[in-house]
Amino acid sequence: MSETLAAQPVENAGRQAPSPASGKAITTLSEHIVEVISDSGEGAQVCGQSLGAIAARMGNGVWTLEIIPAEIEPPARSTEGASGSRIRLGSGRMTNCGDQADLVVAFNEQVLLARLRAGEFKPGCIVLLESLWRTHPDKEIAASYLQTHARLAAAGFRVYEVPMERECRSLVADARRGANMFALGMLCGLYSLDLRLAREQVARAFGSKDAGVVAANVALLEAGHGWAEAQLDFKFRIPALRSLEPQIVVNGNTALALGVLASGMEICAMYPITPATSASHYLSNVFEKVGGVVHQAEDEIAACSFAIGASYAGKCAVTITSGPGFSLKQEAIGLAVMGEIPLVVVNVQRGGPSTGQPTKAEQGDLLAAMFGSHGDAPKVVMAASGIEDCFYSIITARKIAETFNMVVVVLSDANLATSQQPFPRPKFSEAWMAPPADQSAVPEGARPYDWNALTGLARRFVPGQPEGMHTLTGLAHDRRSRVAYDPEINEEGIHSRSLKLAALQKTLKTPPVFGDPEGELLVAGWGSTQGAIEEAVGRLRAEGCKVSSVHLRFLQPLPPGIKELMQRFKAVITIEGNWCDRREDEIIDEGNRRYSALAMLLRSRYLVDVDCWSEVRGQPIKPGTICRVIREALERNREAARR
Amino acid sequence: MTITAPECLLRLYEEHPDLEDYQGGAPRWCAGCGDNAILAAVQRLCRDEALRPEKTAFISGIGCSSRFPHYMKTYGFHGIHGRALPVAEGVRMARPDLHVFVSTGDGDCCSIGAGHWIHAVRYNMNMTVFLHDNHVYGLTKKQASPTSPRGLRTNTTPRGAYLEALNPLTVTLGVQNASFVAQAVDWIPEILYSIVSAAFHHKGFSFVRILQRCPKFLPDLFDPWLHDPQKVLVLTHDNGLQLSPGLAKVHKNRREHDPADLDRAREIASGADPIPVGILYRNPGVPCYEDLRRSGKLRTGAFVRAGLEAELDKFTIWPQGHA
């Protein structure tokens, strides 16, 4: 979000004007957060994604977030089965899922309760609730519905009962299956979205099915639209600030896969794991068209080893995984470090440790990415700061991997993986593409590890190059790649591999500061939190707080200038999605407090007293939460200064 | 086209390599180690086939056997324990122009890398795999391996190995897509060479188990077989192994076996005494995974770009007024 936009207070109660179609007043909004929730398999995600796509096509800023149950088919009408989407619609660019929802469409009251308990709805939130359950023959279900309905009304929610299934019954045989498109039509009506674009979107969503399916869904869409126009006494409009540039709308995992395509890599080896796999699904579908291969290996270790083999043979490869798979790959990653084989490893982080929360967001793998293998195994660690950055990070990672003959880990997370946002359509550059494998003869006297004394870099010999024959080994080796037992040779290898990180660091730029370059508090973050942090900082700056933020895309090596940047603020705090001990716990003190990953890195590297705040609730950190944290930090710091 | 006699000689010299052209570092295996016999056979193969050293890659894992690439003067990859096969698969997928060989041991292949082994058979990628099977962990100094015979005393089984040995031949022959399975012993070099050569010429995953002596930790283990040719069952066939007249005089325990017969191959594979030696199974009709997966399209920058732009088109929202 641009600073000017962020600086505007979020205004939801706008002016009203009569609607030309229905005579209803249309409320103009700068943004609104919508949730569509159902049992798993009822299509609320398709509804939400379609709504986001239609709004994006109209030029609105959009961020969509998937609400995913952990199981494939959780029990119906259960709180743990809540599945659906959150769609944040706005006039300008949306960079995160926002705080609480303004309007929710729920297919039953149980899934609604799940989100209510999680505190996801604004006070006075509009609730459009499927009314089917009111007259359900099962007395318990009907009672539960009525009780929830009464509770919501009493709590000040604006509840509208919608007979979605009844309305769909006349249009399709299985009315429960049609409710999502009915809901989409209703939302298009409520937000004054172009019905023509909506019809196109439905055709696109069901394009692979036959014409009858598309027609039936368009009929449902129109029915929902008509119902909302006729039955609801309110209507919104979110004016779009149209982009002049073409935009693409994808989620983070698709952006990663497109990045693989654009980077010129041609082999991706993977093993199915949540939430990384959808990147490979998409890649499997498109990669072969351009002569690429997605290899589904027999396990994570094999996937990493396969990628290493391909890279060794001259084609830098990528392996895509999530937390547990990343742990399994660590020994192989160490081999690539030792052999100086370029390799891109993508870790779409999820909740950990162990199986943790497979479908939920967390930033728990930063230290594992940096220090995961045994021994001194320096590798590059980058973190995509948003959906667009998922695309560009892969291209950069491939380039660094091949320039420095290093492993480059790219961290994403479950939040970016499934969230969608429009961003400027990438303009292809020849420089993105990998060069073909060098097959020229190796000059006489050259050795496979002729480490440069300044940079640690050595030219790599690839199979097929005459006179370059040598055996790459995971054992400590000398410049000729001969197994070394000499203590000096072992040290020379470790020394050279370490220097490469410093050489890369010299090429990096100091990241920009969001806000003023000095002030009371600097918020530092990494990964998927950039949008939320900058929105929060923007809001507080609009209130006059002297707070700024910096977001790190390179975590290893850290770019130059960070210490100087931090020193221009009275205090620094990181906001992260990994655990840090809480001061309020009686047993926690400065001697035993575990800091969040980035805070720990910054403290150890720069000897700057960096504080941290974290949340590991499996949900994206919200801008409103960050505002509260920053206010508390400012207050705490002022309090400390007064003492 | 005619060429001059000196030029002809020069070409002959250049194009007909010597054994030295494939000899890397001096082997550091123990004296009498069966790995030396395997190395000799493989170097001879490289010379006889005039393989270009820069187009040849030997991949290995960890263990005594996995030192193999260091002793070749080709490209080599001495990786991590158990992972030689997936590394070799990556090499093969990326580079159809290379000759890919794998050296792996009974611990590397049948224990820590067993999962990869099963799947490598199923992928049937074109590579030649030597299982150096000495029935014991050597590099870590005498622990029981999956192929150690029951009762074998080792440092981890001081009262004798508890379990029956795993049979790598029956396991491999039990996997869908097995396309070449053979067995050799290090002490009959002529047969070893013939099998190594047949394996190299088979297009697909050629799996050769080689019973190999460990003079350091199990010096007597194979003695009964070594001293009595009758205890070696030589499998011969017009489409399989053929013995020289000299060797035929020594090895009278022979059996005609058609390598196309999978059922018979499985039956023979399950016998441990006498040791079956020869080509148990060969099926050139099994497709190679790399051939199924590689499109063969030339990946020019323009081609990749066209593919990327077509994908981006699917997700693009054009500004109003765009044609």
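Quick caveat, the model's predicted, so the values are computed rather than measured.

## Some points on the pairing of strand 3 (residues 31–38) of chain A
Residue and element names in this part refer to chain A. Taken across its eight residues, strand 3 has eight buried, putting it largely inside the fold. Here strand 3 runs beside strand 5 (residues 83–90); their pairing, made up of eight bridges, is antiparallel. Looking across to strand 5, one finds that E35 is bridged to R86. Note: strand 3 against strand 6 (residues 101–106), four bridges, orientation parallel. Among the inter-strand pairings, I37 is bridged to a residue of strand 6, identified as A106.

## Considerations on the side chain of T95 of chain A
Residues and elements named next belong to chain A. Looking at the element boundaries, T95 is found in the loop between strand 5 and strand 6. Side-chain polar atoms of T95 contact the side chain of N96, separated by 3.2 Å. A polar atom in the side chain of T95 sits 3.3 Å from the backbone oxygen of G531.

## Side note on the domain arrangement of chain A
Splitting chain A by domain gives domain 1 (10–237), domain 2 (248–425), domain 3 (438–507) and domain 4 (513–642). Each of domain 1 of chain A and domain 3 of chain A has a C-alpha centre, and the two are 59 Å apart.

## A short note on the environment of Y75 of chain B
Inspection of the secondary structure puts Y75 of chain B in strand 2 (residues 75–78). Linking Y75 of chain B and N36 of chain B, residues 39 residues apart in sequence, is a C-alpha distance of 19 Å. Within polar-contact distance, the side chain of Y75 of chain B engages the backbone oxygen of Q465 of chain A at 2.7 Å. Here G468 of chain A takes part through its backbone oxygen, which lies 3.4 Å from a polar atom of the side chain of Y75 of chain B.

## Looking at helix 12 (residues 323–339) of chain A
Given 3.6 residues to a turn, an α-helix orients residues that are three or four positions apart in the same direction. All names here are of chain A. With 17 residues, helix 12 extends 24 Å between its outermost C-alpha atoms, agreeing within 8% with the 24 Å of an ideal straight helix rising 1.5 Å per residue. With 13 of its 17 residues buried, helix 12 lies for the most part within the structure. One or two positions beyond helix 12, positive phi appears at E340, with a value near 60°.

## Quick look at the pattern of salt bridges
If you walk through the whole model with that rule in mind, you get 60 salt bridges over all chains. R603 of chain A is paired through a salt bridge with D609 of chain A; the nearest N and O atoms lie 2.7 Å apart. For R603 of chain A, a relative accessible area of 23% corresponds to the partly exposed category. Measuring nitrogen to oxygen at the nearest pair gives 3.8 Å for the salt bridge that ties R92 of chain B to E290 of chain B.

## A word on the nonpolar core
By size, the foremost hydrophobic cluster in this structure holds 101 residues, and its most contacted members are L366, L555, M566 and L602 of chain A together with I59, F77 and M127 of chain B. By residue number, the principal contributor to this core is helix 11 (residues 300–312) of chain A, which donates eight residues. Aside from chain neighbours lying at most four places away, what touches M127 of chain B is L85, A88, E89, R92, V100, V102, G204, F205 and S206 of chain B. The next biggest cluster of nonpolar side chains, apart from the first, holds 60 residues, and it includes L65, I273, Y282 and F423 of chain A.

## Observations regarding helix 19 (residues 597–606) of chain A
For helix 19 of chain A, the complete set of buried residues consists of A597, L598, A599, L601, L602 and Y606 of chain A. Positioned one or two residues after helix 19 of chain A, L607 of chain A has a phi angle of 55°, which is positive.

## Describing the sheet that holds strand 12 (residues 293–296) of chain A
All names here are of chain A. Sheet architecture is open: seven strands sit in the order 12-11-13-14-16-15-22, paired in mixed fashion. Of all strands in the sheet, those bounded by a partner on one side alone are strand 12 and strand 22 (554–556). Taking the axes of each pair of neighbouring strands and ignoring which way they run, one obtains an average angle of 20° across the sheet. Pairing of strand 15 (residues 380–383) with strand 22, which is carried by two bridges, proceeds in the antiparallel orientation. By the bridge assignment, V381 is partnered in strand 22 with Q556.

## Overview of the interface of chain A and chain B
The interface of chain A with chain B comprises 70 residues on the first partner and 54 residues on the second. Approximately 5,400 Å² of surface area, both sides summed, lies buried where chain A meets chain B, with 60% of it carried by carbon and sulfur atoms. Summed over the shared surface of chain A and chain B, the number is six salt bridges. In this structure, E311 of chain B engages K289 of chain A in a salt bridge whose closest nitrogen and oxygen atoms are separated by 3.5 Å. Applying the counting criterion to the chain A and chain B interface returns 33 residue pairs in polar contact (both at pLDDT 80 or more). Mapped by element, the contributors of at least two residues to the side of chain A that touches chain B are helix 2 (44–57), strand 10 (247–251), helix 9 (252–263), helix 10 (277–286), strand 12, helix 11, helix 12 and strand 18 (471–473) of chain A.

## Things to note about unusual backbone geometry
The peptide bond linking T274 of chain A to P275 of chain A adopts the cis configuration, its omega dihedral lying at 0°. Locating P275 of chain A in the fold gives a position in the loop between strand 11 (267–270) and helix 10. Omega for the peptide link from D273 of chain B to P274 of chain B comes to 0°, which places this bond in the cis form. Look at E340 of chain A: it is not a glycine, yet its phi comes out positive at around 60°. Inspection of the secondary structure puts E340 of chain A in the loop between helix 12 and strand 14 (343–349). Judged by its relative accessible area of 3%, E340 of chain A falls in the buried class. Residue N177 of chain B is not a glycine yet carries a positive backbone phi of 80°.

## With respect to the packing of aromatic side chains
Under the counting rule described, the total for this entry stands at 23 aromatic pairs over all chains. Aromatic side chains Y282 of chain A and F315 of chain B sit 5.8 Å apart centroid to centroid with 65° between the ring planes, which places their arrangement in the edge-to-face category. Separated into two different chains, Y282 of chain A in helix 10 and F315 of chain B in helix 12 (residues 301–315) make up a pair that spans both. A residue is classified by how much of its surface remains accessible, and Y282 of chain A, at 13% relative accessible area, is buried. With centroids separated by 6.5 Å and ring planes inclined at 70°, the aromatic side chains of F222 of chain B and W225 of chain B adopt a geometry described as edge-to-face.

## Comments concerning the sheet that holds strand 20 (residues 519–526) of chain A
Residues and elements named next belong to chain A. With mixed pairing, the five strands of this open sheet are ordered in space as 19-21-20-23-24. Edge positions in the sheet fall to strand 19 (513–514) and strand 24 (610–614), since each of these pairs with one other strand and no more. As defined by bridge partners, strand 23 (residues 569–576) adjoins strand 24 across five bridges and the pair is classed as parallel. Bridge pairing in strand 24 places I573 opposite D611. Packed onto the sheet, helix 19 meets strand 20, strand 21 (547–552), strand 23 and strand 24 and runs at close to 145° relative to strand 23.

## Section: the packing of helix 2 of chain A against helix 6 (residues 175–190) of chain A
All names here are of chain A. For the pair helix 2 and helix 6, interaxial distance at closest approach is 9 Å and the crossing angle is 30°. Classified by the interaxial angle, the pair formed by helix 2 and helix 6 is roughly parallel. By crossing handedness, the relation of helix 2 to helix 6 is classed as right-handed. Contacts from A44, V46, C47, S50, L51 and I54 in helix 2 reach N180, M181, A183, L184, L187 and C188 in helix 6. Considered class by class, the residues forming the contact of helix 2 with helix 6 number 10 nonpolar, two polar and no charged.

Procedures and definitions
- Residues numbered from 1 in each chain as written.
- Chains lettered and ligands numbered in written order.
- Predicted model: local features only at pLDDT ≥ 70, side-chain atom pairs only at ≥ 80, totals over all residues.
- Heavy atoms only, no water.
- Buried < 20%, exposed > 50% of the residue type's maximum accessible area, 1.4 Å probe, protein only.
- Helix = DSSP H or I, 4+ residues; strand = E, 2+ residues; numbered from the N terminus.
- Pairing = 2+ DSSP bridges.
- Polar contact = N/O pair within 3.5 Å; in protein donor to acceptor, adjacent residues only side chain to side chain.
- Domains from an automatic or database assignment.
- Expected span 1.5 Å × (residues − 1).
- Salt bridge = Lys/Arg side-chain N within 4 Å of Asp/Glu carboxyl O.
- Core = buried A, V, L, I, M, F, W, Y, C linked by side-chain atoms within 4.5 Å.
- Contact = heavy atoms within 4.5 Å.
- Axes fitted to C-alpha atoms, helices over the stretch in contact; angles between N-to-C directions.
- Buried area = accessible area lost by both parts, 1.4 Å probe.
- Phe/Tyr/Trp six-rings, centres within 6.5 Å; stacked < 30°, edge-to-face > 60°.
- Parallel < 35°, antiparallel > 145°, perpendicular 65-115°, else oblique.
- Left-handed = near helix turned anticlockwise from the far one by under 90°.
- Nonpolar A, V, L, I, M, F, W, Y, C, P; charged D, E, K, R; others polar.

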